[in-house]
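Overview (structure and organization)
These are the residues of each chain, in order.
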Amino acid sequence: MVSTMLLVIIYLSFISLGLPDSLLGSAWPTMVSELNAPLWGAGILQMTTSLCTIISSLNSARLIRRFGTGRLTAMSCLLTAMALMGMSFAPHYAFLLLLCIPLGLGAGAVDAAINNYVALHCEPRHMNWLHCFWGVGTIISPMVMSAVLAAGMRWTVGYRGVSAMQLALSVVLFSTLKLWQDASAQDGEREAKVLTVRQVLSLPGAKQGLLNFTCYCAVESTFMLWSATYLVMARGMDAARAASMGGLFFIGITAGRGVSGFIAMKLKPRQMVRLGQTLMAAAGVLLLVPGTAVTLAGILLMGLGCAPVYPNIVQDTPRNYGAENSQAVIGVQMAFAYIGSLFMPTIFGWIASILGYGILPVFALVFTAVMIALFNSQQRIVDARNAK
């Protein structure tokens, strides 16, 4: 078990991970005109960041073994702070694209390192609360940017403000490295296996588990991006109200993870995942029912359903694949997660442009059904192996 002070540092690290994730979207309408960038350019920036995040996630086991979780987290936080600060001085869109590289590399390393550390050394409730704090970070950035723009200042001030938060946290992380240096934790990091992607895929149940992650993130990221558009195009809501009501998904997933931490004291991680999947399926059905109130309830319920799935899949990784393999497996899990986030919202947008945005509930139900099937298959394989 880890100290209370280290837990505070870990939670702060995940707030910092969430800060950049929602910053671009909140500033982009202003950035487009100032930088003379194409409106669709935000998608390319997001894609570049995600690709670099996948690269660093796949190499996280080697990086953790070389630097240790604490030092790697501090270095990554500093790297993202520098990237955000650089973006605030970018004179052209191309510079933003270039700076997405260090931003993505830093995010992927922190994500995999902290997730693995908590899965190995903390109780399940802390994994749920950890991801709740990521949600807090995604809420803070738009609030900062909104306040800056409302005060008549440029978007660059907002980026510098968030960069300053990241920089302050990196100072805290570097000054508290001794908190990470528990002997058993250090030994575990040195003894952890460095596996290739092929070796990870060969582990019993790994293929099903990784594809399960991709399906989950396909639903989560698609609702994050398209909920407001669904309310306008399929439910006839005005754009201003839809923009605020679309935020019900973020509220659901953030609050849900806070509550999940308490439920995790009673239920096992696999039970938490199944609870979340059940709520996601119920939300998809609810969204098929006409009526504004029912639709809004469905979006909120989808957030609540998504809340326990991601953190509890990660929490169970050492049990499913062995503690010695968890660093490598979690790195690949993060990569598969970002693959779902990278491609599926775009694919949905293309499909919806042909069939209409009313297919969002069907899209969610299909991926949730596949996810449930994959998860059940994985658990059967893992249980059979553990029974030997």
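Check the entry above for the structure.
Computed from a predicted model, the values in this text were never measured in an experiment. (Residues numbered from 1 in each chain as written. Predicted model: local features only at pLDDT ≥ 70, side-chain atom pairs only at ≥ 80, totals over all residues. Heavy atoms only, no water.)

1. With respect to the side chain of Thr 73
Which entries qualify depends on this criterion: Segments assigned H or I by DSSP are reported as helices when at least four residues long, segments assigned E as strands when at least two residues long, and all are numbered from the N terminus. What makes two residues a contact is simply this: any of their non-hydrogen atoms within 4.5 Å.
Looking at where Thr 73 falls in the secondary structure, it is placed in helix H5 (residues 69-88). In contact with Thr 73, not counting residues within four places along its chain, are Ser 13, Val 110, Ala 113, Ile 114 and Leu 173.

2. Some words on the state of the cysteines
The condition is simple: Here, the term disulfide refers to a pair of cysteine sulfur atoms separated by no more than 2.5 Å. Here the term buried applies to any residue with accessible area under 20% of the maximum for its type, exposed to any over 50%, and partly exposed to those in between, with areas from a 1.4 Å probe on protein chains only.
Evaluated as defined, the whole model comprises zero disulfides. For Cys 100, which is in no disulfide, the shortest distance to another cysteine sulfur is to Cys 52 and amounts to 7.9 Å. The class of Cys 100 is buried, set by a relative accessible area of 3%. There is no disulfide at Cys 217, and the cysteine sulfur nearest it, in Cys 306, is 9.1 Å away. You can call Cys 217 buried: its relative accessible area is 2%.

3. Side note on the environment of Thr 48
In this fold, Thr 48 is placed in helix H3 (residues 41-58). Exposure remark for Thr 48: the relative accessible area of 17% places this residue in the buried category. Separated by 24 residues in the primary sequence, Thr 48 and Leu 24 have C-alpha atoms spaced 13 Å apart.

4. Considerations on the environment of Leu 275
Structurally, Leu 275 can be placed in helix H14 (residues 269-286). The class of Leu 275 is partly exposed, set by a relative accessible area of 32%. When the C-alpha atoms of Leu 275 and Ala 307 are compared, they prove to be 10.0 Å apart, with 32 residues separating the residues in sequence.

5. Digging into the pattern of salt bridges
Rules: Salt bridge, as applied in this entry: a Lys or Arg side-chain nitrogen positioned within 4 Å of an Asp or Glu carboxyl oxygen.
Going through the model one piece at a time under the given rule, you end up with six salt bridges. For Arg 154, the salt bridge is made with Glu 34, and the minimal N-O distance between the two is 2.7 Å. Of this pair, Arg 154 sits in the loop between helix H7 (124-150) and helix H8 (155-175) while Glu 34 sits in helix H2 (residues 23-35), and the two are 120 residues apart along the sequence. Each of the salt bridges in this network shares a partner with another, and the network as a whole consists of Arg 270, Asp 316, Arg 319 and Asp 383.

Everything listed here is a matter of coordinates, which is why it stays silent on function.
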